[in-house]
Structures are given as C-alpha cells and as structure tokens.
Amino acid sequence: MDTNTTPTPERSDFVRDIVASDLAAGRVDGVVTRFPPEPNGYLHIGHAKSICLNFGIASEFGGRCHLRFDDTNPIKEEQEYIDSIMTDVRWLGFDWGEHLYYASDYFEQLYEWAVHLINAGKAYVDDLSADEIREHRGTLTEPGRESPFRSRSIEENLDLFERMRAGEFPDGARVLRAKIDMASGNINFRDPVMYRILHAAHPRTGDDWCVYPSYDFAHGQSDAIEGITHSICTLEFQDHRPLYEWFIENLPVPSTPHQYEFARLNLTHTVLSKRVLLKLVREGHVRGWDDPRMPTLSGIRRRGFPAEGLRDFAGMIGVARADSVVEIEMLEHAVRDVLNRQAERRFGVIDPLKLVIENYPEGQVEQLEVTNNPEDPGAGTRMVSFSRELWIERDDFMEEPPAKYFRLAPGREVRLRSAYFVTCTDVVKDASGQVIELHCTYDPATRGGSSPDGRKVKGTLHWVSAPHAIPAEVRLYDHLFSEPFPGSEGRDLFDDLAPDSETIIAGAFVEPSLAEIPVGQTVQFERLGYFCPDPDSTDGALVFNRTLTLKDTWAKLQAQSQGR
RNA sequence: UGGGGCGUAGCCAAGCGGUAAGGCAGCGGACUUUGGAUCCGCCAUCCGUAGGUUCGAAUCCUACCGCCCCAGCCA
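Residues numbered from 1 in each chain as written. Chains lettered and ligands numbered in written order. Predicted model: local features only at pLDDT ≥ 70, side-chain atom pairs only at ≥ 80, totals over all residues. Heavy atoms only, no water.

### Re the protein's contact with RNA strand B
- Close contacts around RNA strand B come from 68 residues, with Arg 345, Lys 404, Arg 417, Gly 448 and Gln 524 the closest.
- Of all RNA strand B atoms lying within 4 Å of any protein atom, the proportion belonging to sugar or phosphate reaches 62%.
- Glu 375 has a polar side-chain atom sitting 2.8 Å from a base nitrogen of RNA strand B.
- A breakdown of the residues in the surface near RNA strand B according to their chemical character gives 23 nonpolar, 22 polar and 23 charged. (Near = heavy atom within 4 Å. Polar contact = N/O pair within 3.5 Å; in protein donor to acceptor, adjacent residues only side chain to side chain. Nonpolar A, V, L, I, M, F, W, Y, C, P; charged D, E, K, R; others polar.)

So, in structure tokens, the structure goes:
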C-alpha cells in the first residue's frame, strides 16, 4: 500500500489547487497556514469563512495552521478582543495547538530588519507631517513627489530611527519609510510607511515600545518567521502583494511565504464590517457584540446556530476570486440541516390558547411517551404529562377557516401530537369577541395519536398540559436588516435596520423538561422552529431565543394568497 | 486619464479545447403522528458583448462593455 500519497482535500477551489500543486511539485515540503485576526473587534461569520479555509486546508493536507494576532496598532486593540477571538475559533471547532503567536512577539526582530533596510539605503526617516506625506503621494493618475528627507545619510537615518524608538519625538513627528518608487502605478510602492510613532500602551508589550510597525512591514515577515507557506488573505490586499514580496526579497528572512487572495464573504440582510458592527454595539442598536441578531460568532452562538452548520456553510459557498453576495437563506439552510438531524424535539406554546377536554376526567393526569427526535432513533423518548386542560397555539384555531387550513375549527377533529384526537365542540369568547377558550371532546381510543379505525385527520397540533407547563419568555429573532443590501441605493444603512428583528414574548408556556436544557444546546419546539436557552435565563425565569423557524408551507401559502 | 482584479441561471459555484457539475432559492408532485423532514420531477441550446483562431471555444487571441479594490502614520 502506498501510505505516502498526497492527502486529498474534501473540496476543491483555486487555493486548494495551488496548495496541491505546490506539494506535488515539491515547491513546499508541507503546508503551513495562519489565521491572522487583528484584535480590534469580535469575529464574525466572514472570519469564519477564512478560519475554515485556513484550518481546513492545513488539516486536509496534513499541515498546520497558526493563530496569530496581528497586533500592530495598540490604539484599536484590546485584550477583550484577544480573549473572544480564541473562544470563537475554538467554538468553531478548530485547534491551533502550540501555535499561538502575536505579531508583537516579533517587534524586536522587525526593528532589526528595519535597521537592515536603512543600512542598505532602502529606508529613511521622514519628517514630513501626515498631511504633507499625503500631498507628496500624488493621486491615482499622477505620480508622487519625493520627500526632501529622502536622501538623508544612512548615519542620520540610523540615529533618528533609534531616537524614535527611544521616545524622543511626539506622535506623528516622524515615520520610517521604505525607499521604493514615488512614481509607481501601485500606490503601495510610493515609499510606504514602515514605522510610526505611537505613545500608546499595547495590550501585550505595554509601554515597551513607542514605535509600531505598519501592517505591510509586519505581516509578510511574521509569515516568514513562522514558516507560513501559503498566506491567504482577502482581495483588498492584492495591491499589497508586490510590497509583501519586496520586503521578503530585501530582508534576510528565514523563509519565503507567498500570498494568495480570495473574495471575502458578503451576506444579504446583514453587514460584515467591523466598523459598522462596532457602531451597532456602541450606539445601542443591539444589546452587545453577542446579541443574537449580530453576525458575530458570539452572537450566532447565542442565537443557537451550531458550529457544524457554519462549517457546512463555508463548504457550500466555496472560495473564489469574484466579488459576491451570498443569500442568507443558504446559511439558514446549512443550520436547519444540522439542527434537523441533531436537535431534540420539545413542546412549547408561544401564543397560548386554553383548550378544555370536556370528556376527560377532572384531576386525571397521564404520562404519554413522546419521540425525542424522529430523525434520530438513538435520541429515545420522554414522558410528557397530559391532562384535561391544555395550552395550544392560538394560530392553530380559526373560527372560520379558509380553504386548505388543516388545523382546528368548530366541529373539526385534529390530532394532538403523540396524544389523542380531539374535536372542537365549543368556542368561548370574552365581551370583546376575542376567543379565550376552546372546548373539545377527545377519543380515548386514539391514545398515542392514531385511530384504530384508520380514521385520518389533516392537522397535528403541539400542546402543553396547563397545570404542568412552565412559563417562559421567548425572544423571536429575524434578520437584523430588512433590506437585502443594507444602505444600498443611497439609503442610510441604519434606516434599513429591521424594526422587528427582535420580538419579545413574555407569556409562553413550555413543557417542564425544557428547564433542564443547558445554555449552548438548541432544541426544536415542534412545528415552530429551533430554540435555545438564553444566558439571561434564571432558575425561576426561563428565556429562549428562537434560532430559526421551521420552513412553513402554510405561511408561504398565506403570503401568496395575500400577495394576489 | 494610473495600477490591480473580476464577469457561467435569481444567489453561490464547478468547468482548464470535445459540446454547461453541485448547492441555495423557486415551481410542480409523492409521502407524512411536526403544513417539519424525506423523495421524485422542472429550472442556462448557453457561459458580459463583438469579432477571430480551430473540425470543434465558457475554455485560446483581439477589441469593447460592466463591476470591484487602491491616494491611513488602519488592517
């Protein structure tokens, strides 16, 4: 047997093709990737695509993937973000093992390399202000002009750079620039800034430094130090690739990584921009980074989406170089697919209507066996209390049902799931005409939910026994933005925030077993959707978040008939 | 008018000179103790447009059109 074949990736895309051919051609001995977040916010589902790509490739090709914090800007970065990022990557199901790194680990080495470039006459200290540098940079169509400080002697540059590090100058007084080509069509080559002065405390290095390397001067070299073979990033860094390579070629780095770019994820009805997400949090449009409506991994987790669904989704959407916007329905499909297979079923009534079974003995309670998950026999069954007074869904009754309405109506017989057939005999209303109670009779021969005489019913309803049910708060979630492309066509992004993205229902009733479901587990409330306990739950007050609804053919029919 | 990319169905995406995978959505139907799930069928004579090369082109060439990114001491 050949035990040394090249591992076969489970999916194919242009990045995996490159990795496979590099391995096959012997251009690399093994694959090393990295996920390089800047700790300036929480990870969102766009990052999940990148995480799945980088960690996925590493595991498929028998390599490894590093987690490296790109922490070169202390002004925006915080330990809280570092902690949340590690939690989120682990939750998504990936493990960086021993390979946890920080760009800040390399600050001393980076500084030495900057000195190397100065000595080679390829970097200089510029005294121009930020505004002046911008003016000298030229425009997209006009070349830039060289800084008057560009021809400083190596000695003077060395001295000045050392004094920058020593803290002799205020923020913004000087920068270190690479000396490349002020006339380049690629603006990144117009003497890019390598170091800037920032008298700011860094989450990891504290006050050790007051000069910090820019992204361009840190990223490629960090990759080289770690022996990264394939440095995968998003499309907007394409123009930086020549600069990435320039530093690698002009510095005595220990390896030569290569950069590849793919299109970032965009999703309808949401926004994946750290800037906007931060604003949603800071301005209180949502309750926090982990609000269940947020596309952050922490929000998605609190919402009840399983990590497996996100991984499946990442596989479904593929990886390519064309800008694209994925319909959020695809994500929802991936999540439902996992939940349908794995979530245990329970009974919960969100908008309760009392149902009294007139011919059921008062005070009698029986235990009925209910299947936990018809998709998974291994999930077993549970016993649920049944009694004379029940709660059913208000939606499941109509006094004057339209065609194709299969549920309860006066005189109609339906099945109470796993219990009995009941027939509606009476409708009780209050003074305003609102239905407040239904009276029914049940057929004792239909125990368990099927009729020995073969009689069929069109509708099956979920229910909870009124004396046994426990009250709960239920939070219904929907897309954060009502528009598929928030802020498009000149609209203000925040005007597109959906007013009903969250609906809080205080008076729901759920079966008692739901009190035992731990935070982090998602269950299906039969016929309604998937729900999970929110961390806001307390012993006496349960709170459930609606993860997603079930697909609802009846709702679709109604929408169609109303649309006509 | 500079540089770098991208254009295959409503959406995502395979395809790499031999005659358009797959998924999502949608539409029909079967089945059903969740109007869930499942199953079956339909859904690009055509690959941004126009030319050219070739026996043969989504794939090669040319021109054009459209869209995205770049002028942070952000990443």
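Having seen the model, we can carry on.
### Focus: the pairing of strand S17 (residues 421–429)
- Pairing geometry for strand S16 (residues 413–416) and S17, over 3 bridges, is antiparallel. By the bridge assignment, Arg 415 is partnered in S17 with Phe 421.
- The loop that links S16 with its antiparallel partner S17 comprises 4 residues; one of these, Ser 418, has a positive phi angle of about 65 degrees.
- Taken together, the 8 bridges between S17 and strand S18 (residues 435–443) define a ladder with antiparallel strand orientation. The residue of S18 that forms the bridge with Val 422 is Tyr 442. (Pairing = 2+ DSSP bridges. Helix = DSSP H or I, 4+ residues; strand = E, 2+ residues; numbered from the N terminus.)

### Topic: the pairing of strand S21 (residues 470–477)
- With 7 bridges connecting them, S21 and strand S22 (residues 502–510) associate as antiparallel partners. By the bridge assignment for S22, Arg 475 is matched with Ile 504.
- Bridge count for S21 against strand S25 (residues 542–549) is 4 bridges, and the pairing is parallel. The partner of Glu 473 across the bridge, within S25, is Val 543.

### Brief notes about the side chain of Glu 366
- Take Glu 366: it is sitting in strand S13 (residues 365–371).
- Under the relative-accessibility criterion, Glu 366 is labelled buried at 11%.
- Within the local environment of Glu 366, its side chain forms a polar contact with the side chain of Tyr 360, the two groups lying 2.7 Å apart.
- Apart from the residues lying within four places of it in its own chain, the contact partners of Glu 366 are Tyr 360, Val 384, Ser 385, Phe 386, Tyr 420 and Arg 447. (Buried < 20%, exposed > 50% of the residue type's maximum accessible area, 1.4 Å probe, protein only. Contact = heavy atoms within 4.5 Å.)

### Structural notes on the nonpolar core
- Core analysis: the largest hydrophobic core is formed by 40 residues, its most contacted members being Ile 45, Val 89, Leu 92, Phe 313 and Leu 331.
- When residues of this core are traced back to their parent elements, those giving at least two are helix H2 (45–60), strand S2 (64–69), helix H3 (79–92), helix H10 (297–303), helix H11 (307–317) and helix H12 (328–342).
- Beyond its immediate sequence surroundings of up to four residues, Ile 45 is in contact with Leu 265, Leu 267, Leu 272, Pro 295, Leu 297, Ile 300, Leu 310, Phe 313 and Leu 331. (Core = buried A, V, L, I, M, F, W, Y, C linked by side-chain atoms within 4.5 Å.)

### A few points about the packing of aromatic side chains
- Taken as a whole and judged by the stated rule, the model has 24 aromatic pairs.
- With a centroid separation of 4.8 Å and an interplanar angle of 10 degrees, the aromatic rings of Trp 391 and Phe 509 are classed as stacked. In this pair, Trp 391 sits in strand S15 (residues 389–393) while Phe 509 sits in strand S22, placing the two residues 118 residues apart along the sequence.
- Owing to a relative accessible area of 17%, Trp 391 belongs among the buried residues under this scheme.
- For the ring pair Tyr 405 and Trp 554, a centre distance of 5.5 Å and an interplane angle of 70 degrees mean the geometry is edge-to-face. Placement of Tyr 405 in the loop between S15 and S16 and of Trp 554 in helix H13 (residues 553–563) is noted, with a sequence separation of 149 residues between them. (Phe/Tyr/Trp six-rings, centres within 6.5 Å; stacked < 30°, edge-to-face > 60°.)

### Some words on the packing of helix H4 (residues 107–119) against helix H6 (residues 154–166)
- Relative orientation of the contacting elements H4 and H6 amounts to 160 degrees, with a least axis distance of 9 Å. Taken together, the axes of H4 and H6 lie roughly antiparallel to each other. In this structure, H4 meets H6 at a crossing whose hand is right-handed. Residues Glu 108, Tyr 111, Ala 114, Val 115, Ile 118 and Asn 119 of H4 touch H6, and the partners they reach there are Ile 154, Asn 157, Leu 158, Phe 161, Glu 162 and Arg 165.
- The residue makeup of the contact of H4 with H6, split by class, is 7 nonpolar, 2 polar and 3 charged. (Axes fitted to C-alpha atoms, helices over the stretch in contact; angles between N-to-C directions. Parallel < 35°, antiparallel > 145°, perpendicular 65-115°, else oblique. Left-handed = near helix turned anticlockwise from the far one by under 90°.)

### Describing the side chain of Thr 547
- By the element assignment, Thr 547 lies in strand S25.
- According to the relative accessible area criterion, Thr 547 is buried, its value standing at 0%.
- Here the side chain of Thr 547 touches Arg 303 through a polar contact of 2.7 Å, landing on its backbone oxygen.
- Not counting chain neighbours up to four residues away, the residues in contact with Thr 547 comprise Arg 303, Gly 304, Phe 305, Leu 339, Thr 522, Tyr 530, Phe 531 and Cys 532.

### Description of the environment of Leu 493
- Within the fold, Leu 493 resides in the loop between S21 and S22.
- It is 9.4 Å that separates the C-alpha atoms of Leu 493 and Glu 483, two residues lying 10 residues apart in sequence.
- Not counting chain neighbours up to four residues away, the residues in contact with Leu 493 comprise Val 271, Val 276, Phe 481, Pro 486 and Gly 487.

### Some points on H6
- Compared with an ideal rise of 1.5 Å per residue, which puts 13 residues at 18 Å, H6 spans 18 Å between its outermost C-alpha atoms and is within 8% of the ideal.
- On its buried face, H6 is in contact with H4, strand S4 (123–126), strand S5 (175–178), strand S6 (193–197) and strand S7 (211–213).
- Backbone geometry just after H6 places Gly 167 at a positive phi near 90 degrees. (Expected span 1.5 Å × (residues − 1).)

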